[in-house]
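Below, each chain spelled out in residue letters.
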Amino acid sequence: MRSTSLQIFCGRPVPGNKMQFLGGNRRKLRLADDQRNACYPHSLQFYLQPPSGNISLIEFENLAIDRVKLLKAVENLGVSYVKGSEQYQSKLEAELRKLKFSYRENLGDEYEPRRRDHISHFILRLAYCQSEELRRWFIQQEMDLLRFRFSILPKDKIQSFLKDSHLQFEAISDEDKTLREQDIMASSHSLGGVQLELESVYKIPFADALDLFRGRKVYLENGFAYVPLKDIVAIILNEFRTKLSKALALTARSLPAVQSDERLQPLLNHLSHSYTGQDYSTQGNVGKVSLDQIDSLSTKSFPPCMRQLHKALRENHHLRHGGRMQYGLFLKGIGLTLEQALQFWKQEFIRGKMDPDKFDKGYSYNIRHSFGKEGKRTDYTPYSCLKIILTNPPSQGDYHGCPFRHSDPELLRQKLQAYKIPPSGISQILDLVKGTHYHLACQKFFEMTHNVDDCGFSLSHPNQFFFESQRILSGGKDFKKESVQPETPQSKLSVQRSKDASSALASLNSSLEMDLEGLEELLQ
């Protein structure tokens, strides 16, 4: 029987009763209050030291899921609101409070929220160090989280935080500030209209302020830059990005040792690739779609990735393996039976002048295999958005992948025009794509093609797109008063940011709660 817990010594997993992140001491100690406070003196940190002590596998996965929820909330709020605005700040604080992570100083006993924050960050390093795309996403969300926490850090705590983070930034005295007031005011554009005596100014090494120097936005003297508090945030974030990027690279090199434990590898892969919702297997949907309906459904309810695959199949009467897998599993997920799938693909390939015997010998096996009827009898599930975005990118002659991730911007613009998306909507979608918010770009496409202001969910799966579309078209959700067919664009797009963010976060939490059950199954 396989153990459901393990112990790590010096980064190498060995059998045991607990998961242990090792610093110097292998024993789990009960800390006094002053010792607990000394472990985590601030509500934010640079995560310079890995956690030490024992942690059970169930807590390991719970912390990981909660951290993913938090970072997804950071991403969604960053798109729906202006970062730093009152609404953004209040909603992000509410998420931190709900997930029991640290966010403010002087809130009583903060040891446990800060411990959760510390350990969960390092767990996700293991999951998100595995590719450049994952690292980029993780770093950006962690930077936004740090920016928020720093923005609400009391001024009297800033200096000690900088010191604990090994940042040689020293707040100058009022006397020094008065002596250099004119030079600092003339050089620092962010101080426009601000009285310098009300603003903290930090003396930092010149090399740490190169970006400000290049823009001629800082006063220099004797190898030091004198930087107002408003400008120092960017320098702190840059230092954090540099340190975290290097740490993720080191983690990636050490990952094989951690993955040598057969229980950790699927868990980490699950976190990085499959955390965005249910798998949309065919349960309850088998036989609900007829072959005669597919052409019509493709223009009404298919997401762009499946719509382009269907179009290519009808035009070329063939798809390469990557396209057949992506589209075939999608069709399976919306309800096609094995018999329907064999008939669908065979009819289309024969139209391309393929001999029926060649299809039976070369292609029917793979279709049966995807339904769990051949080989290892694995019943494959449809690909999630994240899997499509991050794995098996299309090459020339391929039609699989995510149009928002893998299409040239000009080609994507032409596709959106062909789908009758209005110019204002195309601009919004392309802006989201430029910011690498591919899920949100597809979600915006859904809202515009279905003539709704708020789709009411956080999109994470092509089959989710299909089922939500069918729900709307069948009357499960009210249309706007000027209701039109799905292909007709809104003449004027109205974005309800607050509703979008709230519904997206609610859907995200729901989907990740479901995924936690899947994580537990991995450790059985």
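A brief structural summary. As the structure is a computational prediction, the values presented were derived from the model and not from experiment.

Tallying each qualifying case throughout the model produces 29 salt bridges. Linked by salt bridges that have partners in common, Arg67, Asp117, Glu142 and Arg149 make up one network.

Where strand β5 (residues 170-171) lies against strand β6 (residues 201-205), 2 bridges are found, and the strand directions are antiparallel. Following the sheet pairing, Ala171 is matched in β6 by Tyr202. In the sheet, β6 pairs with strand β8 (residues 224-228) via 5 bridges, with the strands oriented antiparallel. Counterpart to Ile204 in the pairing with β8 is Ala225.

Non-glycine residue Lys353 carries a positive phi angle of around 70°. As for its placement among the helices and strands, Lys353 is situated in the loop between α15 (338-351) and α16 (356-362). A positive phi angle, near 65°, is found at Lys420, a position not held by glycine. Inspection of the secondary structure assignment puts Lys420 in the loop between α20 (409-418) and α21 (423-434). Using a relative accessible area of 52% as the deciding quantity, one classes Lys420 as exposed.

As a further point, take the nonpolar core. In terms of nonpolar packing, the biggest core is built from 65 residues, with Phe150, Phe169, Ile204, Ile232, Ile236 and Leu271 touching the most fellow members. A total of 10 residues in this core trace back to one element, the largest contributor, which is helix α10 (residues 229-259). In this view, Ile204 contacts Gln168, Phe169, Ala209, Gly223, Phe224, Ala225, Val227, Ile232 and Ile235; residues no more than four positions away in its chain are not counted. Counting residues in each nonpolar core, the second largest holds 56 residues, with Met306, Leu338, Tyr419 and Ile472 among its members.

Scanning all chains against the criterion turns up 26 aromatic pairs. A ring pair is formed by Phe302 and Phe330, whose centres lie 4.9 Å apart and whose planes are at 85°; its orientation type is edge-to-face. Here the residue Phe302 occupies a position in the loop between α12 (294-300) and α13 (304-316), and Phe330 occupies one in helix α14 (residues 321-334), the gap between them amounting to 28 residues. With respect to burial, Phe302 and Phe330 carry one shared label: buried. Taking the centre distance of 5.8 Å and the plane angle of 75° together, the rings of Phe349 and Phe359 count as edge-to-face. Taken together, the residues span a long stretch of sequence, with Phe349 in helix α15 and Phe359 in helix α16 at a distance of 10 residues. Considered together, Phe349 and Phe359 belong to a single accessibility category, that of buried residues. Members of the aromatic cluster, each reached through a chain of ring pairs, are Phe302, Tyr327, Phe330, Phe344, Trp345, Phe349, Phe359, Tyr363, Phe466 and Phe467. Note that Arg116 overlies the ring of Phe101, its terminal NZ or CZ placed 5.0 Å from the centroid. The aromatic ring of Tyr383 is capped on one face by Lys387, whose charged end is 5.0 Å from the ring centroid.

Here is what the cut-offs are and how they apply
Residues numbered from 1 in each chain as written. Predicted model: local features only at pLDDT ≥ 70, side-chain atom pairs only at ≥ 80, totals over all residues. Heavy atoms only, no water. Salt bridge = Lys/Arg side-chain N within 4 Å of Asp/Glu carboxyl O. Pairing = 2+ DSSP bridges. Helix = DSSP H or I, 4+ residues; strand = E, 2+ residues; numbered from the N terminus. Buried < 20%, exposed > 50% of the residue type's maximum accessible area, 1.4 Å probe, protein only. Core = buried A, V, L, I, M, F, W, Y, C linked by side-chain atoms within 4.5 Å. Contact = heavy atoms within 4.5 Å. Phe/Tyr/Trp six-rings, centres within 6.5 Å; stacked < 30°, edge-to-face > 60°. Lys NZ or Arg CZ within 6 Å of the ring centre and 35° of its normal.

Scope: geometric values only; no functional claims are made or implied.
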